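Overview (structure and organization)
As a plain string of letters, each chain reads:
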Amino acid sequence: MTASGTGPSAPDPGVSLMYGALARWWPLISPAEVYEDDARSTAELFALAERPVRDVLELGSGGGHLAHHLRERWTMTLVDLAPEMLAVSRALNPDVEHLLGDMRELRLGRTFDAVLVHDAIDYMTTLDDLAAAFRTAYAHCRPGGVAAFFPDHVADTFEPGTDCGGSDAPDGSGARYLEWSHPPGPGETTVTTEYTFTLRAADGTVELAHEAHRTGLFAVADWQRLLGDAGFEVVTVREEGGADRTLFAGRRPRA
């Protein structure tokens, strides 16, 4: 069976194949163990807080694989736009609070010592969306707390390319994906990435799926400006080596 996405204009992550109909495959597409390094990076960014970090709000928490490495150290509250991904996360993190919500609009009426947004921040495809996510993070961050953001790419250093991965389960099922990003056009602030999936059920049945995702591509200066406009003191961290990413932290002033 072949499933088709909607082409270059990406579906909303809450209704896309990857985060919807294929969510049950997420533990094999992107296994929890691959998030160990990002869990360590998260701890380093949280150390920038001017208050002890005890409770954490994660926006765009997906299948809960990053939270799985953090939940023993911090009390986590997980928010995602896709009900199917929340179901995957609940199975992995049964004692963690899960809430359905959009990081651009969410207002819980309570605050946290730290706010975390992993690569779901990439689905902010306009500067207005990005600014809205920053305002949400600020609204839920206590004075002296910190918000950490993990974009996959920034415009200053983006290079199109390919990636692949996946894993197998003990029952014989398995998943493999190919990721192929395209060069943005002149002046564009988004990038299109094609995903193809080969999914093998335990009985040997194979399903093929494809869709394209459109994600934001903004300059470091835009990130810094919008975080500052939201009220944060901005810290920019350049990771080099395997990850080769630019990460951002926003400290909310005590006064």
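Residues numbered from 1 in each chain as written. Predicted model: local features only at pLDDT ≥ 70, side-chain atom pairs only at ≥ 80, totals over all residues. Heavy atoms only, no water.

**Section: the overall build of the chain**
To be explicit about the condition: Working definition: helices are DSSP H or I runs of at least four residues, strands are E runs of at least two. Numbering for both runs from the N terminus. Values of the radius of gyration come from C-alpha atoms, whereas the globule rule sets the reference at 2.2 Å times the count of residues to the power 0.38. Partly exposed residues are those whose accessible area sits between 20% and 50% of the maximum for their type, while under 20% is buried and over 50% is exposed, using a 1.4 Å probe and protein chains only. For this analysis, residues touch if any pair of their heavy atoms sits within 4.5 Å. Surface accessibility in these figures is a Shrake-Rupley result with a 1.4 Å probe; residues are shielded only by whichever protein chains are displayed.
Along its length, the chain carries six helices and twelve strands. In summary, the chain has a C-alpha radius of gyration of 18 Å against a globular reference of 18 Å for 255 residues, a match within 12%. Here the chain holds 255 residues, and the buried ones make up 52% of them. Considering only contacts in the chain between residues 6 or more positions apart, those separated by 24 or more positions represent 64%. Accessible surface computed for the chain: about 11,500 Å², of which carbon and sulfur atoms make up 50%.

**With respect to helix H5 (residues 127–139)**
Every α-helical turn comprises 3.6 residues, leaving residues that sit three or four positions apart pointing alike. The cut-off we apply is this: Take the number of residues in a helix, subtract one, and multiply by 1.5 Å to get its expected span.
With 13 residues, H5 extends 18 Å from end C-alpha to end C-alpha; this agrees with the ideal 18 Å at 1.5 Å per step. Among all positions of H5, only Asp-129, Leu-130, Ala-131, Ala-132, Ala-133, Phe-134, Thr-136 and Ala-137 are buried. Close packing links the buried residues of H5 with strand S2 (55–59), strand S5 (112–117), strand S6 (141–149) and helix H6 (220–230).

**Looking at the packing of aromatic side chains**
Heads up, the rule is: Only centres within 6.5 Å qualify two rings of Phe, Tyr or Trp (six-membered ring in Trp) as a pair; their planes then separate them into stacked at under 30 degrees, edge-to-face at over 60, and tilted for everything else. In this analysis the charged atom, NZ for Lys or CZ for Arg, is taken to sit over a ring once it is within 6 Å of the ring centre and within 35 degrees of the ring normal.
In this structure the tally under the stated criterion is eight aromatic pairs. Centroid distance Tyr-19 to Tyr-123: 5.8 Å. Interplanar angle 85°. Geometry classified as edge-to-face. Highlighted residues: Tyr-19 in the loop between strand S1 (2–3) and helix H1 (26–29) and Tyr-123 in the loop between S5 and H5, separated in sequence by 104 residues. Taken individually, Tyr-19 and Tyr-123 each receive the classification buried, so the pair is uniform in this respect. Considering the side-chain rings of Tyr-138 and Phe-232, the 5.1 Å spacing of their centres and the 80° angle between planes classify their relative orientation as edge-to-face. On the criterion of sequence distance, the pair formed by Tyr-138 in helix H5 and Phe-232 in the loop between H6 and strand S11 (233–239) is long-range, its members being 94 residues apart. Since its relative accessible area comes to 21%, Tyr-138 is described here as partly exposed. Three or more aromatic residues link up through ring pairs in this structure, and these residues are Phe-134, Phe-149, Trp-223 and Phe-248. Cation over ring: Arg-252 sits above Tyr-138, and NZ or CZ is 4.0 Å from the ring centre.

**A word on the environment of His-68**
Inspection of the secondary structure assignment puts His-68 in helix H3 (residues 65–70). Sequence separation between His-68 and Asp-203 is 135 residues; the distance between their C-alpha atoms is 29 Å. What His-68 contacts, discounting residues up to four positions off in sequence, is Ala-32, Leu-92 and Asn-93.

**Section: the confidence of the model for the chain**
Put simply, the rule is: Per-residue confidence from the predictor is given as pLDDT, running between 0 and 100.
Residue-level pLDDT values for the chain average 93, and 93% of them are 70 or greater. Across residues 1–14, confidence stays below pLDDT 50; counting only partners more than four residues off in sequence or on other chains, it has 34 contacts.

**Some remarks on the sheet that holds S11**
Threshold: Should DSSP find at least two bridges between two strands, the strands are regarded as paired. Only the stretch in contact is used when a helix axis is fitted, and all axes are lines through C-alpha atoms; the angle between N-to-C directions ranges over 0 to 180 degrees.
Taken together, seven strands build an open sheet; the order of strands is S4-S3-S2-S5-S6-S12-S11 and the sheet is mixed. Each of the sheet's edge strands pairs with one partner strand only, and the pair in question is strand S4 (97–100) and S11. Neighbouring strand axes in the sheet, compared pairwise and without regard to direction, differ in orientation by 20° on average. Pairing analysis gives four bridges linking S2 to S5, with the strands arranged parallel. Within the sheet, the bridge partner assigned to Leu-57 lies in S5 and is Val-115. Seen against the sheet, helix H2 (residues 36–46) touches S2, S5, S6, S11 and strand S12 (245–251) and runs at an angle of roughly 35° to S12.

**What about helix H4 (residues 83–92)?**
Put simply, the rule is: Taken from the helix axis, the directions to the C-beta atoms give the arc we talk about.
Of all the positions in H4, only Met-85, Leu-86, Val-88 and Ser-89 are classed as buried. Viewed end-on, H4 has its buried residues packed into an arc of 160°, placing them on one side of the element. If you follow the buried residues of H4, they end up packed against H1, strand S3 (75–80) and S4.

**Section: the pairing of strand S9 (residues 190–200)**
Burial analysis of S9 places eight of its eleven residues in the buried class, which makes it a mostly covered element. Where strand S8 (residues 174–181) and S9 come together, eight bridges link them in antiparallel fashion. Residue pairing for S9: Arg-176 is matched across the bridge by Thr-198. Inspection of the sheet shows S9 paired to strand S10 (residues 206–216) by eleven bridges, in the antiparallel sense.

**Focus on the pattern of salt bridges**
Rule in force here: Salt bridge criterion: a side-chain nitrogen from Lys or Arg within 4 Å of a carboxyl oxygen from Asp or Glu.
Summed over all chains, the structure comprises 17 salt bridges. Salt-bridge contacts for Arg-200 lead to Asp-168; the nearest nitrogen and oxygen are separated by 3.6 Å. Here Arg-200 is found in strand S9, whereas its partner Asp-168 is found in strand S7 (residues 162–168), with 32 residues between them in sequence. The partly exposed category is assigned to Arg-200, whose relative accessible area is 34%. Overall, the relative accessible area of 45% leaves Asp-168 in the partly exposed class.

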